[in-house]
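Letter by letter, the chains look like this.
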Amino acid sequence: MRLSRRTILLGAGSLPFAVASLRTGALAQTAPAAQNGPVPPILFVHGNGDYDALWMTTLWRMESNGIARDRMMAINFTDPLARSDDKVEQANRSSAEDQRRELAAAIAELKRRTGAARVALVGSSRGGNAIRNVIRSGGAGDVSHAILCGTPNHGVFATDDQPNNEFNGRGPFLRGLNEGESEVTPGVAFLTLRSDGMDKYAQADGRFIGKPGTPTGVTNEGPELKGATNLVLGALDHREVAFHPRAFREIYKFIAGSEPARIAIVPEQVVRLNGLVTGTPGGVQTNRPVAGATVDIFRVDPDTGERKGSAVHSAKTGADGRWGPAQVESGWSLEFVLTSPDAPTTHIYRSPFPRSSDVVHLRAARPLGPADKDAGAVVIMSRPRGYFGLPRDVVLFDGKEPADVKPGVPTDAAATLRLPATEIGRNIVAQFDEERIVARAWPAAENRIAIAELTY
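What you see is a predicted model, and the numbers here were worked out from it, not measured in a lab. (Residues numbered from 1 in each chain as written. Predicted model: local features only at pLDDT ≥ 70, side-chain atom pairs only at ≥ 80, totals over all residues. Heavy atoms only, no water.)

Quick notes on the packing of aromatic side chains
For clarity, the threshold we go by: The aromatic pairing rule takes the rings of Phe, Tyr and Trp, using the six-membered ring of Trp, and pairs them if the centres are within 6.5 Å, calling planes under 30 degrees apart stacked, those over 60 edge-to-face and the rest tilted. Helix and strand definitions here come from DSSP, where helices need a minimum of 4 consecutive H or I residues and strands a minimum of 2 consecutive E residues; each element is numbered from the N-terminal end. Burial classes follow relative accessibility: with a 1.4 Å probe on protein chains only, a residue under 20% of its type's maximum area counts as buried, one over 50% as exposed, and anything between as partly exposed. In this scheme, Lys NZ or Arg CZ marks a charge over a ring once it lies within 6 Å of the ring centre and within 35 degrees of the ring normal.
Considering all chains together, one arrives at seven aromatic pairs under this definition. The interplanar angle of 75° and the centroid separation of 6.1 Å between the aromatic rings of Phe336 and Phe353 together place this pair among those described as edge-to-face. With Phe336 in strand β14 (residues 333-339) and Phe353 in the loop between β15 (345-350) and β16 (362-363), this pair connects stretches of sequence that are 17 residues apart. Per residue, the accessibility class of Phe336 equals that of Phe353, and both read buried. With a centroid separation of 5.9 Å and 55° between ring planes, the pair formed by Phe388 and Phe432 is classed as tilted. With Phe388 in the loop between β17 (377-382) and β18 (395-397) and Phe432 in strand β20 (residues 427-432), the pair connects residues that are 44 residues apart, well separated along the chain. Judged by its relative accessible area of 2%, Phe432 falls in the buried class. One aromatic cluster is present, built from ring pairs that chain together Trp60, Trp323, Phe336 and Phe353. It is Arg307 that lies over the ring of Phe298; its NZ or CZ is 3.8 Å from the centre.

Some details on the pairing of strand β7 (residues 211-215)
As a general feature of sheets, a regular strand has side chains that alternate between the two faces. Using the following cut-off: A pair of strands is labelled paired if DSSP reports no fewer than 2 bridges between them.
The buried count for β7 comes to zero of five residues, which makes it a mostly uncovered element. Direction of pairing for strand β6 (residues 205-206) relative to β7: antiparallel, over a ladder of two bridges. Within β7, the residue paired with Asp205 across the bridge is Pro215.

Quick look at the sheet that holds β20
Cut-off, in case you're wondering: Fitting a line to C-alpha atoms yields each axis, with helices limited to the stretch in contact; the angle taken between N-to-C directions then spans 0 to 180 degrees.
Judged by pairing direction, the sheet is antiparallel, and its three strands sit side by side in the order β18-β20-β21 without closing on themselves. Every interior strand has two partners, whereas the edge strands, β18 and β21 (435-440), have only one. Along the sheet, successive strands turn relative to each other by an average axial angle of 15°, direction set aside. As paired elements, β20 and β21 share six bridges and run antiparallel to each other. Among the inter-strand pairings, Ile428 is bridged to a residue of β21, identified as Ala439.

Concerning the sheet that holds strand β22 (residues 448-453)
Pairing in this open sheet of seven strands is mixed, and the strands run β12-β11-β14-β15-β22-β17-β19 from one edge to the other. Bordering the open sheet on either side are β12 (313-316) and β19 (414-419), each of which pairs with just one other strand. Sheet twist, expressed as the average angle between the axes of neighbouring strands with direction ignored, equals 20°. Across seven bridges, the pairing between strand β11 (residues 294-300) and β14 is antiparallel. By the bridge assignment, Thr294 is partnered in β14 with Thr339.

Here we look at unusual backbone geometry
Here the bond from Gly324 into Pro325 is cis, since omega is 5°, no more than 30 degrees from zero. Assignment of secondary structure puts Pro325 in the loop between β12 and β13 (326-328). Leu390 connects to Pro391 through a cis peptide bond whose omega is 10°. Here Pro391 shows up in the loop between β17 and β18.

Some details on helix α7 (residues 245-256)
It helps to recall that an α-helix has 3.6 residues per turn; residues three or four apart then point in one direction. Rules: Given the number of residues in a helix, its expected span is that number minus one, multiplied by 1.5 Å.
An ideal rise of 1.5 Å per residue puts 16 Å on twelve residues; α7 measures up with 16 Å between its terminal C-alpha atoms. The element α7 is extensively covered by neighbouring structure, given that ten of its twelve residues are classed as buried. Gly257 sits one or two residues past α7 and shows a positive phi near 80°.

Focus on helix α4 (residues 126-139)
We count it as follows: Every residue pair with non-hydrogen atoms within 4.5 Å of one another is taken to be in contact.
The buried fraction of α4 amounts to eleven of the 14 residues, a majority that puts the element mostly inside the structure. Among the residues of α4, those classed as buried are Arg126, Gly127, Gly128, Asn129, Ala130, Ile131, Arg132, Asn133, Val134, Ile135 and Gly139. If you follow the buried residues of α4, they end up packed against β1 (42-45), α3 (96-114), β3 (119-124), β4 (143-149), α5 (172-178) and β5 (189-194).

Some words on the side chain of Arg132
For clarity, the threshold we go by: Only four residue types enter the charge count: Lys and Arg as positive, Asp and Glu as negative, with His and the chain ends excluded. One speaks of a salt bridge when a side-chain nitrogen belonging to Lys or Arg is within 4 Å of a carboxyl oxygen belonging to Asp or Glu. Any pair of N or O atoms that falls within 3.5 Å is considered a polar contact. Within protein, one atom must be able to donate a hydrogen and the other to accept it, and sequence-neighbouring residues count only if both atoms are side-chain atoms.
Its location among the elements puts Arg132 in helix α4. No salt bridge is formed by the buried Arg132, whose closest oppositely charged neighbour, Glu183, lies at an N-O distance of 5.4 Å. Of note is the side chain of Arg132, whose polar atom sits 2.7 Å from the side chain of Asn178. Apart from residues no more than four positions distant in its own chain, Arg132 is found in contact with Leu148, Asn153, Leu177, Asn178, Glu183, Phe190 and Leu225.

Concerning the pattern of salt bridges
One pass over the structure, following the stated rule, counts 37 salt bridges. Notably, a salt bridge pairs Glu109 with Arg112, separated by 2.7 Å at the nearest N-O pair. Of this pair, Glu109 and Arg112 both sit in helix α3, three residues apart, roughly one helical turn. Residue class for Arg112 comes out exposed when judged on its relative accessible area of 59%. A salt bridge links Arg392 to Asp237; the shortest N-O distance between them is 3.1 Å. Taken together, the residues span a long stretch of sequence, with Arg392 in the loop between β17 and β18 and Asp237 in the loop between β8 (229-232) and α6 (240-243) at a distance of 155 residues. Take Arg392 and Asp237: they sit in the same class, and that class is buried. Within this structure, Arg83, Glu97, Asp98, Arg100 and Arg101 form a network of salt bridges that share partners.

Below you can see the structure in the form of structure tokens.
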């Protein structure tokens with residue numbers, strides 16, 4: 001049983017999704033940036049199949065500690081999923097070299113934008129592979145800090161199977177990164193953050209990669225690197241070691257050289273939201289923009305999920321896939337309605353956004369399938385920045401622990417509820433620890449799906 005989320009912050013000063021209060025109606029002041037010299041620009045790098053929006057809460061916390069928004073950037077890899085065989089082309093999937101090239105271009109752009117000689121890189125999971133690759137391939141002079149969060153530095157598995165898989169610790173890619181007495185590149189400060197046994201991709205048994213009872217050849221220590229500062233963040237899961245407030249504290253400290261002044265997110269008075277609509281061609285997650293999608297945003301009652309008036313924003317995407325900007329208030333619970341070509345109409349319910357963001361990306365729900373054929377309504381509870389841990393977390397979906405969330409090592413980031421037609425229109429409560437979202441059940445017969453998407 002892990003410590004409570006309040007305890008695990010080790011005195012850092014906030015629950016994970018707490019926001020700093022406003023004082024007398026004015027915007028609370030963000031803290032000054034660290035006083036131990038200038039903080040380099042920071043580039044955040046997402047993991048396999050993911051997108052830059054996962055760094056949203058980290059960006060908000062950085063801003064709340066005085067890091068200017070224009071001194072940070074989060075890359076959005078075009079095709080975020082790795083190939084099965086790194087040497088063989090696969091539609092809408094990327095090689096290690098594809099990621100290295102895109103990351104090198106993003107580093108150059110952030111340097112150009114800020115005029116800085118070097119930048120700090122922060123990567124989640126596969127994003128750390130790209131970071132190490134760009135540094136090893138001549139980019140060390142451009143990078144001051146490299147922070148690798150849950151990166152499978154010695155593989156998700158290390159066997160003779162799939163020798164050219166990017167995640168095989170015995171394969172040529174990772175052996176090349178790890179060769180030598182030190183596994184880090186001189187001149188760059190390296191930090192690794194890992195879990196104490198709760199990372200599903202750092203397990204000795206292969207059951208988490210579909211091979212129960214087969215040794216993987218890796219251990220909980222797999223994300224560590226010889227020559228780096230290696231920290232263990234307790235019972236956080238594979239994604240939380242990048243996106244949890246505890247991880248933010250260590251990321252900030254390592255780059256800035258001092259404790260963050262606050263973990264809480266400082267709200268803004270005026271919140272502007274923007275982002276992409278992306279798609280899943282052939283069932284593969286990509287970050288390629290979708291044209292011709294419509295996005296309608298409604299303010300909803302946080303207790304019932306019912307709409308409060310007409311849409312506060314409506315837009316149709318062009319070739320760039322962007323749907324904003326939309327202006328909302330920081331206390332509003334929201335429903336995003338995404339109508340995207342060849343996909344279900346997706347009703348996405350979100351907690352209030354305390355700060356502005358340009359990475360509020362929307363991706364339509366997966367198509368209704370055979371398991372949904374008898375359902376009157378389908379509602380999904382989703383947690384992009386972590387997994388559901390039972391009994392580690394409070395996870396309640398419509399008042400019960402979800403039957404499709406496995407206990408033990410956290411492996412599931414979504415739960416699905418199928419309701420009879422008689423329950424269409426009622427509210428469904430999704431509860432994760434202290435974040436609570438109320439969604440509405442929409443008719444599956446109209447090709448609609450609802451998602452309660454957790455932010456924290």
